[in-house]
Every structure is written in C-alpha cells, then in structure tokens.
Amino acid sequence: MFLSGGAQWCALLFGLLQFVPAAAQTVRPVIMEYQGTARGQVEYINDSFQPVNVILEAKGFHVSETGELSYFPLPSGIHLKLSTMSFRLAPKQAYTVYYDAKADAMPAWFVLYADFAPVPK
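Residues numbered from 1 in each chain as written. Predicted model: local features only at pLDDT ≥ 70, side-chain atom pairs only at ≥ 80, totals over all residues. Heavy atoms only, no water.

**Student:** Which residues make up the pattern of salt bridges, and what values do they have?
**Tutor:** On inspection of all chains with the given rule, the structure shows three salt bridges. Two residues, arginine 39 and aspartate 100, come together in a salt bridge whose shortest N-O distance is 2.6 Å. Of the two residues, arginine 39 is situated in strand β4 (residues 38-46) and aspartate 100 in strand β9 (residues 94-103); the sequence distance between them amounts to 61 residues. Its relative accessible area of 59% is what places arginine 39 among the exposed residues. (Salt bridge = Lys/Arg side-chain N within 4 Å of Asp/Glu carboxyl O. Helix = DSSP H or I, 4+ residues; strand = E, 2+ residues; numbered from the N terminus. Buried < 20%, exposed > 50% of the residue type's maximum accessible area, 1.4 Å probe, protein only.)

Written out as structure tokens, the structure is:
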C-alpha cells in the first residue's frame, strides 16, 4: 500500500461492492494520491448484460500496524463534492463521476465505495 508516514498526502481509494450475480464491474482508477486539493474523475463500468443501479458512499479508513483496515464515517475535516451520489448504468456502458476533495489537515485518507445492484424487474 502507499501509506507514507508524515507525508502531506490526500489519498482516495475507490472501492467496489458488487451484488450483480456472475457479472464483473470495473472502477478506474482504483487508487489516487494528491498533494493538497484532489480534483478528478472516476469511471464506473457495467460489464454485465443487465442494467445496474450504483450508489456511492464515502468513508474514512485507518490501517493498523498489522495491515488491517477499519472503516468509519467520513471525517468532518474531509470535504468531498461528487457530481452525483447515485446513477443507473446501462449494460456494457460507462459513467464518469467527477469529484473535488479537500482536507483541513494532512494526511487525509478516505475510500469511495460503489454498490452495484441489479435494477428490479
């Protein structure tokens, strides 16, 4: 992992929670590092043959000395703006989400989970 002690980094991890049976979903890029303000985009791709609903959720995280991750609500010192928090993704299509993130103190770490769920019939 890219955790560097004492460095002034703002890091984003893009996570994937997948609930579409036998179908792959893609998120890219997976990891981003910034110094200062983070401004960019992440692409979500539906590789399946059925539409999916996608819900995004930002959380803070901590990595222990043994490498175990623990997650918690997004800290109030991290200010995140997303172009959307949810969207429907057609089969074999991609969707781009734009973000701006700034932290009151560094280093600052958070993860952006994407929950892919089949569209009810």
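**Student:** Before we move on, could you go through the nonpolar core and cite the residues and values that matter?
**Tutor:** Core analysis: the biggest nonpolar cluster contains 13 residues, and Tyr44, Val54, Leu56, Phe87, Leu89 and Phe116 have the highest contact counts within it. Where this core is concerned, the elements lending two or more residues are β4, β5 (52-63), β8 (86-89) and β10 (108-118). Among the elements that line this core, the one with the most residues is β5, at four residues. With eight residues, the next largest nonpolar core counts Ile78, Tyr99, Ala108 and Phe110 among its residues. (Core = buried A, V, L, I, M, F, W, Y, C linked by side-chain atoms within 4.5 Å.)

**Student:** Describe in detail the environment of serine 83, supporting the description with residues and values.
**Tutor:** With respect to the helices and strands, serine 83 occurs in the loop between β7 (78-82) and β8. Expressed as a C-alpha distance, the spacing of serine 83 and aspartate 100, which sit 17 residues apart in the sequence, is 8.9 Å.

**Student:** Help me get a handle on the sheet that holds strand β2 (residues 25-28), residues and values and all.
**Tutor:** Read across the sheet, four strands follow the order β2-β4-β9-β7 without closing on themselves; strand pairing throughout is antiparallel. Two strands bound the open sheet, and with one partner strand each, they are β2 and β7. Neighbouring strand axes in the sheet, compared pairwise and without regard to direction, differ in orientation by 20° on average. (Pairing = 2+ DSSP bridges. Axes fitted to C-alpha atoms, helices over the stretch in contact; angles between N-to-C directions.)

**Student:** Before we move on, can you summarise the side chain of serine 48 with the specific residues and values?
**Tutor:** The topology assignment puts serine 48 in the loop between β4 and β5. Judged by relative accessible area, serine 48 falls into the buried class, the value being 5%. Here glutamine 50 takes part through its backbone oxygen, which lies 2.9 Å from a polar atom of the side chain of serine 48. (Polar contact = N/O pair within 3.5 Å; in protein donor to acceptor, adjacent residues only side chain to side chain.)

**Student:** Account for the packing of aromatic side chains, with residues named and values stated.
**Tutor:** Taken as a whole and judged by the stated rule, the model has six aromatic pairs. Here the aromatic rings of tyrosine 44 and phenylalanine 87 are separated by 5.8 Å at their centres, their planes lie at 55°, and the arrangement is tilted. Here the residue tyrosine 44 occupies a position in strand β4, and phenylalanine 87 occupies one in strand β8, the gap between them amounting to 43 residues. For the residue pair tyrosine 44 and phenylalanine 87, the accessibility class agrees, reading buried in each case. Ring centres of tyrosine 44 and phenylalanine 116 lie 6.4 Å apart, and the angle between their planes is 50°; this geometry places the pair in the tilted category. Pair noted here: tyrosine 44 is in strand β4 and phenylalanine 116 is in strand β10, with a separation of 72 residues, a long-range link. Residue tyrosine 44 is classed as buried on the basis of its relative accessible area, which comes to 0%. Given the relative accessible area of 0%, phenylalanine 116 is considered buried. The ring of phenylalanine 49 carries lysine 92 above its face, with NZ or CZ at 4.3 Å from the centroid. (Phe/Tyr/Trp six-rings, centres within 6.5 Å; stacked < 30°, edge-to-face > 60°. Lys NZ or Arg CZ within 6 Å of the ring centre and 35° of its normal.)

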